[in-house]
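Listed below, chain by chain, are the residues.
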Amino acid sequence: MGCGAWKNRVRLGLVRSQPLVSVCFTMFVVFIYFFYCLTGSCDTSPRPIYEQHPSKIHSRSSLVMQDGVLRQVVLDTSAQPSPGRGIPVVNNFGKKRFPQAIIIGVKKGGTRALLEFLRIHPDVRAVGAEAHFFDRFYDKGLDWYRNLMPRTLDGQITMEKTPSYFVTKEAPQRIFRMSRSTKLIVVVRNPVTRAVSDYTQTLSKSPGLPSFQELAFKNLSSGLVDTSWSAVQIGLYAKHLDIWQQYFPQSQFLFVSGERLVWDPAGEMDRVQDFLGLKRLVTDKHFYFNKTKGFPCLKKPEGSSRPRCLGKSKGRPHPHISPQVLQKLQDFYRPLNQKFYQMTGQDFGWD
Ligand SMILES: Nc1ncnc2c1ncn2[C@@H]1O[C@H](COP(=O)(O)OS(=O)(=O)O)[C@@H](OP(=O)(O)O)[C@H]1O
């Protein structure tokens, strides 16, 4: 018998017993409750951690290139299930702001490692994927760019990393126009090793590529280097820095040694945290050296209780290149490296 019928019978005085009225009332309440739940309003499950406390989550949602288009997706970076894992959740705490600090380079310098290490810090929030705003997507406008950023609370730092900015002529002026106080971090690595790393990456995508020496030299015996090859070009650090220095003072740059970031990540992180005005919360406690990978890995990245190394494309083996070829390239870079040491006031020990 339906509840309506019971109600009619009660109204007509056909049923006067109190328990039946209670049953009907309970059914009515249950019905309302189910209807309410259908709208999704009665979720009693725990809120995802980043809804509870935005400072505890670092860019779960991130940008990825899909079919040549930047899309915002939810990153599944945690090794252990967490509440709300994989479910897009809108974080309405804080504000979207322009980054106060950008890792502008260099490609294959160790920029991903640095960003991942920084993201452990509770006062840093960063876009996971490379935004490429100041080189590829500048015509989309500054509002578009700000919208890519994760929300931050007052006191938190918004960051992004796009290593190609360092070699993009327009990038210094564009960043300056956005904010002249932007802090700029450059992770640098011996330009010879960097070139080999770059070549290794291209080779992994195009296996039929000519040899390293064919690409790096116009004429090996005379030592004539092909500076138009991007893998060589990117390593002309002094030349690129020259443009940046026309816009930003020395105090706004931090040059991170890509080599030291591997053998002493905590030491290099101290410098980075100081530069960003952050408490030194990322320390040697967070790292362990993974012998199989040959690189430092994170003991417990945010949102995970398991250690995590960077992916396979980071720290991969390089093809064998003859020592003679490497030496010639090293000779080519030496004067440029010396100039770079002078400009930065730091000797990176590559020569
Ligand atoms: N902890 C840790 N784990 C793995 N890899 C590490 C790490 N620290 C620095 N590196 C070095 O980072 C190199 C890749 O640099 P980037 O992240 O800047 O590359 S990219 O420009 O974003 O493609 C990568 O270059 P390859 O060794 O040639 O793969 C590494 O040498």
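Computed from a predicted model, the values in this text were never measured in an experiment.

Caption draft 1: Helix H6 (residues 171-178), seen in detail. For H6, the set of buried residues is Ala171, Pro172, Arg174, Ile175 and Met178. Down the axis, H6 shows its buried residues gathered within 165° of arc, on one side only. Residues of H6 that are buried in the fold lie against strand E4 (101-105), helix H5 (142-148), strand E8 (183-188) and helix H10 (237-245).

Caption draft 2: Layout of the nonpolar core. The biggest cluster of nonpolar side chains holds 32 residues, and the ones touching the most others in it are Ile104, Phe134, Tyr145, Tyr165, Ile175, Trp244 and Phe340. Those elements that place two or more of their residues in this core are E4, H5, H6, E8, H10, strand E11 (253-257) and helix H13 (323-344). Residues contacting tryptophan 244, with those up to four places away along its chain left out, are Ile104, Tyr165, Phe166, Ala171, Pro172, Ile175, Leu184 and Phe253.

Caption draft 3: How the structure looks around the UniProt feature "binding site: 3'-phosphoadenylyl sulfate" (unreviewed entry) in the chain. Within the UniProt annotation, "binding site: 3'-phosphoadenylyl sulfate" (unreviewed entry) is assigned to Lys108, Gly109, Gly110, Thr111, Arg112, Arg189, Ser197, Lys314, Gly315, Arg316, Pro317 and His318. By the secondary structure assignment, threonine 111 is in helix H4 (residues 111-118). Excluding residues that lie within four positions of it along the chain, threonine 111 makes contacts with Ile103, Gly105, Val106, Lys161, Pro163 and Val187. Residue placement: proline 317 occurs in the loop between strand E13 (295-298) and H13. We classify proline 317 as exposed; its relative accessible area is 72%.

Caption draft 4: Representation of the sheet that holds strand E5 (residues 124-126) within the structure. Spatial strand order, E5-E7-E4-E8-E11: 5 strands in an open sheet with parallel pairing. Edge positions in the sheet fall to E5 and E11, since each of these pairs with one other strand and no more. Strand-to-strand twist across the sheet, computed as the mean angle between neighbouring axes with direction ignored, equals 25°. Bridge count between E8 and E11: 5 bridges; the pairing is parallel. Bridge pairing in E11 links isoleucine 185 to leucine 254. Sheet contacts for H4: E4, E5, strand E7 (157-161), E8 and E11; angle to E4, the most-contacted strand, approximately 160°.

Caption draft 5: Here's a closer look at the pattern of salt bridges. By the definition in use, this model includes 15 salt bridges. Its salt-bridge partner being glutamate 130, residue lysine 161 comes within 2.8 Å of it at the nearest N-O pair. Taken together, the positions of lysine 161 in strand E7 and glutamate 130 in the loop between E5 and H5 put the pair 31 residues apart, joining distant regions of the chain. With relative accessibility at 2%, the residue lysine 161 sits in the buried group. Salt bridges linked by common partners bring Arg112, Glu116, Arg119 and Arg308 together as one network.

Caption draft 6: Layout of the packing of aromatic side chains. Scanning all chains against the criterion turns up 27 aromatic pairs. For the pair phenylalanine 133 and phenylalanine 134, a centre-to-centre distance of 4.9 Å together with 70° between the ring planes defines the contact as edge-to-face. On the basis of relative accessible area, phenylalanine 134 is assigned to the buried category, the value being 0%. Measuring from ring centre to ring centre gives 5.3 Å for phenylalanine 134 and tyrosine 165, while their planes differ by 75°; the resulting arrangement is edge-to-face. Of the two residues, phenylalanine 134 is situated in the loop between E5 and H5 and tyrosine 165 in the loop between E7 and H6; the sequence distance between them amounts to 31 residues. Residue phenylalanine 134 shares its accessibility class with tyrosine 165, and that shared class is buried. The positively charged end of lysine 183 is found above the aromatic ring belonging to phenylalanine 275, 5.4 Å away from the centroid.

Caption draft 7: Up close: the pairing of E8. Of all 6 residues that make up E8, 5 are buried, and the element is covered over most of its length. Pairing analysis gives 4 bridges linking E4 to E8, with the strands arranged parallel. Bridging across to E8, isoleucine 103 finds its partner in isoleucine 185.

Caption draft 8: Broad picture of the side chain of threonine 158. Relative to the assigned elements, threonine 158 resides in strand E7. Judged by relative accessible area, which is 0%, threonine 158 ranks as buried. Side-chain polar atoms of threonine 158 contact the side chain of threonine 152, separated by 3.3 Å. If we ignore the near neighbours within four places in the chain, the residues touching threonine 158 are Arg97, Phe98, Pro99, Gln100, Ala101, Arg125, Met149, Pro150 and Thr152.

Caption draft 9: Structural view of the site of the ligand. Near the ligand lie 24 residues; those nearest to it are Thr111, Lys161, Ser197, Gly315 and His318. Taking threonine 111, its side chain carries an N or O atom lying 2.5 Å from an oxygen atom of the ligand. Between glycine 315 and the ligand, the recorded distance is 2.7 Å, taken from a backbone N or O atom to an oxygen atom. In isolation the ligand offers 640 Å² of accessible surface; the protein chains occlude 96% of this area. Looking at the shell around the ligand, the elements with two or more residues in it are H4, helix H7 (191-205) and E13. No other element matches the 4 residues that H4 contributes to the shell around the ligand. Residues belonging to the shell around the ligand are distributed by class as follows: 8 nonpolar, 8 polar and 8 charged.

Caption draft 10: Here's a closer look at the environment of valine 186. Residue placement: valine 186 occurs in strand E8. When sequence neighbours within four positions are dropped, the list of residues in contact with valine 186 reads Ile104, Gly105, Val106, Phe166, Leu254, Phe255 and Val256.

Scoring rules and cut-offs
Residues numbered from 1 in each chain as written. Predicted model: local features only at pLDDT ≥ 70, side-chain atom pairs only at ≥ 80, totals over all residues. Heavy atoms only, no water. Buried < 20%, exposed > 50% of the residue type's maximum accessible area, 1.4 Å probe, protein only. Helix = DSSP H or I, 4+ residues; strand = E, 2+ residues; numbered from the N terminus. Arc of directions from axis to C-beta. Contact = heavy atoms within 4.5 Å. Core = buried A, V, L, I, M, F, W, Y, C linked by side-chain atoms within 4.5 Å. UniProt positions renumbered as here; feature names shortened; annotations may be inferred. Pairing = 2+ DSSP bridges. Axes fitted to C-alpha atoms, helices over the stretch in contact; angles between N-to-C directions. Salt bridge = Lys/Arg side-chain N within 4 Å of Asp/Glu carboxyl O. Phe/Tyr/Trp six-rings, centres within 6.5 Å; stacked < 30°, edge-to-face > 60°. Lys NZ or Arg CZ within 6 Å of the ring centre and 35° of its normal. Polar contact = N/O pair within 3.5 Å; in protein donor to acceptor, adjacent residues only side chain to side chain. Near = heavy atom within 4 Å. Areas by Shrake-Rupley, 256 points an atom, 1.4 Å probe, with all protein chains shown as cover. Nonpolar A, V, L, I, M, F, W, Y, C, P; charged D, E, K, R; others polar.

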